[in-house]
Every structure is written in structure tokens, then in C-alpha cells.
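Structural overview
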Amino acid sequence: MTVFAYLVYGGNPNYQLEMSFSLLSAVRQAKSPDALRVALICDPENARPDLPVENVVVEHEELRSWTDDGRYNHRIKPLAIRRLLERYDEPVVMLDTDTYFTDDPEVLAERVGPGQTLMHELESSLGDAALWGPLLQQRGGRIEAGEHVLTPDLPMYNSGIIGLRPEDAGLLDDAMEILDALRAETGFFNAEQLAIGLAFERATKVATGDDVLVHYWGGEREFIHLRVQELMGVRDGERFAAAAAASTLPAITGYPPIPISYKLRGRALGTAFRWSEDYYYAYVAALMARAEARPGYAKAWNDVARHALKLAGDRDGLPAHPLMERDFGALLARWEPGADEA
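To continue, consider the environment of Arg 71. Tracing the backbone through its elements, the reader meets Arg 71 in the loop between α2 (60-66) and α3 (76-88). Of the residues examined, Arg 71 reaches a relative accessible area of 55% and is grouped as exposed. Between the alpha carbons of Arg 71 and Val 92 there is a distance of 26 Å; along the sequence they are 21 residues apart.

Structure representation (C-alpha cells):
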């Protein structure tokens, strides 16, 4: 029986919100929710006895060793999966917390089998990947990391899902060897997902699950956090159970709706002053932040606006848009000082 798993550690409550929402989506999408088996591998503080999960607690000292003494947090994932394979001796499908199901989780379970592993999606070839492509060009089309040679045609998979059988656990050792070599050579943050994908690709057929599980990021993430907290709190098993049993749920995913008047105003100014799409969206998001009475939502829109404005400046080759004060003057005053970028 396939074990679905989440990994949560550290002090950021948003990971608990995300995990609770992802688990809720799994329960609500499952055709047989009572048969759904879910493990939570975590440090002691993040155990959730209030949820329908089996807590697999790993002490802080061991977790720190898995992250190379805190130098690379993503290094923990293949080691956590190996621990679960050893514990359960069943196929394991590890899910990132910032995900939600749109179909029965059993569909993913069926894609893990003899000679077949599972990852979230094929993002691109390595030559087209944002970090790795330019480095490959600089180095004449090949990157040497220990005994491993990377070329532009290799695949880059997203690791929002990682699934394999106990019989294939040795692939995680291969992935760790590749991962450590890549980190030593490049220091890139996504060495983990490249290493796991390459280890799987060399020995198995890699299936993907992006049609079953959505992996979200960017500005939408803040709004999802706010809505999940409103629905069931950070650590409230009773409210989780109520949401799991409810006939309907409020909308959790997606951005809040933007009034058509804001869009029209932004488009009119954008046409007049030849704004880019990023600059237009920054303006509309700033309008939303100014109008929003709820502090959390105002901050989320602020962060969206700041991020879009940064993208507009970056794509123009400028540190900041030269017309920002003219176009955003009254809106900027409402922004929270020092708000982090999305």
C-alpha cells in the first residue's frame, strides 16, 4: 500500500498551513479516504497527532546532519524518503507542502511500479533551465561534477512529487552522490531536484503527476496561507475534520478577484504611458493593497506589487523603474515599510 508523505520541520507556521491544506485536498479528492495512508516526517515540534497522519519524528541533530549542518536544506528530501522506505517497506510518494490535489491520490500511486518512478513534472531540458543553461554555455556545453557530466539535453524535473518503491531505494544513494557533487561544483539551490531526476532517469522510466497535483508558488502562496488559516487555523485538528466533512468549501486557491474598474484604469494608463505587462500588474496590485482593509491581504497585495515592479525593472535592465514615483506616488505611501518581496 502506497504511503503518501509530507516533510515539515523548523519554525515557519506556513509549512503547517500548506501541509494541512494539501492533506485536506487529498482527503476530499480520494475515492476511498479511509484507505489513504499518510506519513508526516518531522522534527518533534511539528508532529501533528490531531491530524489523520502517522508521525515519523526525527530528532534535530539528525535532521541537521541531513542538511549538511544547515548548509543546504533541500538535501534533506532524499534522506527523508529513504527513512520512510526503510520504515514502511512500501512505495512512498513524497509531496511538497505547497501542493494540492485535483484528482484521487491513488492515480499517483498507480504510477509508481517496477521500473517506474515518479516526479512532479518535466520542467525543461537542462540547456533551457534558467540557472543551468547559462552555465552550460559558459563551459562549452558540459559541466563536470565529480564523475558526472551534465549536457544540455538532460532533463530537469520538478521535485514537488517524488515517488519510488523500496526496491529502488538505491537510486536515492545515487541521487545523494550526484547532489553533493553538483553543490560542490555550482552551489545552485535546485541541485536536489536535478540530482534526483537524473538518478531516476538513468535507471527507470520517470512518470509525472502534474495533472493530479498542483504545485503553487509566488504571490498566490500568501493568499492561500491567509485563506487556509481562516478556514482551519494553523494547528486545529477539529477544524480540519470539519473541513474534510463539509459539503462545500470556500475558494482557497487563486488570487482575489480584481475589480474591473481597476483593470480598466490600469489599462488606460498603461496604453498612455506604454507600460509593460509587469508594470501594469504592479499598478493594479498596488490599487488592491490600498483598498484592502484586512492587514494580511493588504500586505500580500503589497508583496505582489513589489515583485511585479521588480520584474518590470529587471526586464528593462534597470534597478528600479524610472517612472515609479510618478505612477505610484500616492499608492506607495500605503505600502508597509520594509515589506518583503513576494
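On we go from here.
Now for the sheet that holds strand β4 (residues 92-95). Ordered by their spatial adjacency, seven strands build an open sheet running β3-β2-β1-β4-β9-β6-β10, and the pairing between neighbours is mixed. Bordering the open sheet on either side are β3 (54-57) and β10 (205-208), each of which pairs with just one other strand. Shown here is a sheet whose adjacent strand axes are inclined to one another by a mean of 40 degrees, direction ignored. Where strand β1 (residues 3-8) lies against strand β2 (residues 38-42), five bridges are found, and the strand directions are parallel. For Tyr 6, the partnering residue across the bridge sits in β2 and is Leu 40. Sheet contacts for helix α7 (residues 191-203): β6 (116-125), β9 (155-164) and β10; angle to β9, the most-contacted strand, approximately 80 degrees.

Turning our attention to the packing of helix α10 (residues 260-273) against helix α11 (residues 277-291). Running from N to C, α10 and α11 point in directions that differ by 140 degrees, and their axes come no closer than 9 Å. Classed by the angle they form, the pair α10 and α11 counts as oblique. Relative to α11, the crossing made by α10 is right-handed. Where α10 abuts α11, its residues Tyr 262, Lys 263, Arg 265, Gly 266, Arg 267 and Leu 269 lie against Glu 277, Tyr 280, Tyr 283, Val 284, Leu 287, Met 288, Arg 290 and Ala 291. Partitioning the contact of α10 with α11 into residue classes produces eight nonpolar, one polar and five charged.

Turning next to the packing of aromatic side chains. Scanning all chains against the criterion turns up 10 aromatic pairs. With a centroid separation of 6.1 Å and 35 degrees between ring planes, the pair formed by Tyr 100 and Tyr 216 is classed as tilted. Taken as a pair, Tyr 100 in strand β5 (residues 99-101) and Tyr 216 in the loop between β11 (213-215) and α8 (219-232) lie far apart in primary sequence, 116 residues in all. Exposure class is identical for Tyr 100 and Tyr 216. Each is buried. Aromatic ring contacts, followed pair by pair, group Phe 223, Tyr 255, Tyr 297 and Trp 301 into a single cluster.

Further remarks concern α11. Between its terminal C-alpha atoms α11 stretches 21 Å, which fits the 21 Å expected from 15 residues at 1.5 Å a residue. Among the 15 residues of α11, 11 are classified as buried, and the element is accordingly described as predominantly covered. What α11 keeps buried is the set Asp 278, Tyr 279, Tyr 280, Ala 282, Tyr 283, Val 284, Ala 285, Ala 286, Leu 287, Met 288 and Ala 289.

What follows covers the layout of surface pockets. As a volume, the largest pocket reaches approximately 1000 Å³. As for the largest pocket, its lining consists of 31 residues, and the residues nearest its centre are His 74, Asp 96, Asp 98, Phe 189 and His 215. Elements that contribute at least two residues to the lining of the largest pocket include exactly β1, α3, β4, β6, β9 and α7. Grouping the constituent residues of the lining of the largest pocket by class yields 13 nonpolar, 12 polar and six charged.

Among the nonpolar cores identified, the biggest contains 51 residues, and Ile 41, Leu 84, Met 94, Trp 132, Leu 150, Leu 182 and Phe 200 are the most heavily contacted of them. When residues in this core are grouped by element, the largest group, eight residues, is from helix α6 (residues 170-186). Residues in contact with Leu 182, not counting those within four places in the same chain, are Trp 132, Ala 145, Leu 150, Gly 187, Ala 191, Leu 194 and Ala 195. Core analysis: the second largest hydrophobic core is formed by 37 residues, Met 19, Cys 42, Ala 47 and Ile 224 among them.

Looking now at unusual backbone geometry. A positive phi angle, near 55 degrees, is found at Asp 68, a position not held by glycine. With respect to the helices and strands, Asp 68 occurs in the loop between α2 and α3. Assessed through its relative accessible area of 34%, Asp 68 is described here as partly exposed. Its identity as a non-glycine residue notwithstanding, Asp 69 has a phi of 60 degrees, on the positive side. The topology assignment puts Asp 69 in the loop between α2 and α3.

Among the six residues in β1, six count as buried, and that is most of the element. What you see with β1 is no split at all: Val 3, Ala 5 and Leu 7 on one side and Phe 4, Tyr 6 and Val 8 on the other are buried throughout. Relative to β4, β1 runs parallel, the two being bridged by three bridges. Its bridge partner lying in β4, Ala 5 is registered against Met 94. A crossover links β1 with its parallel partner β2, the connecting element being helix α1 (residues 13-29), and its sense is right-handed.

Rules used in this analysis
- Residues numbered from 1 in each chain as written.
- Predicted model: local features only at pLDDT ≥ 70, side-chain atom pairs only at ≥ 80, totals over all residues.
- Heavy atoms only, no water.
- Helix = DSSP H or I, 4+ residues; strand = E, 2+ residues; numbered from the N terminus.
- Buried < 20%, exposed > 50% of the residue type's maximum accessible area, 1.4 Å probe, protein only.
- Pairing = 2+ DSSP bridges.
- Axes fitted to C-alpha atoms, helices over the stretch in contact; angles between N-to-C directions.
- Contact = heavy atoms within 4.5 Å.
- Parallel < 35°, antiparallel > 145°, perpendicular 65-115°, else oblique.
- Left-handed = near helix turned anticlockwise from the far one by under 90°.
- Nonpolar A, V, L, I, M, F, W, Y, C, P; charged D, E, K, R; others polar.
- Phe/Tyr/Trp six-rings, centres within 6.5 Å; stacked < 30°, edge-to-face > 60°.
- Expected span 1.5 Å × (residues − 1).
- 1 Å grid on protein atoms, 1.4 Å probe; cavity = no way out; pocket = protein on both sides within 12 Å on 5 of 7 lines; lining within 4 Å.
- Points joined across faces, edges and corners; volume = space filled by probe spheres on them.
- Core = buried A, V, L, I, M, F, W, Y, C linked by side-chain atoms within 4.5 Å.
- Right-handed = clockwise from strand over helix to strand, strands pointing away.

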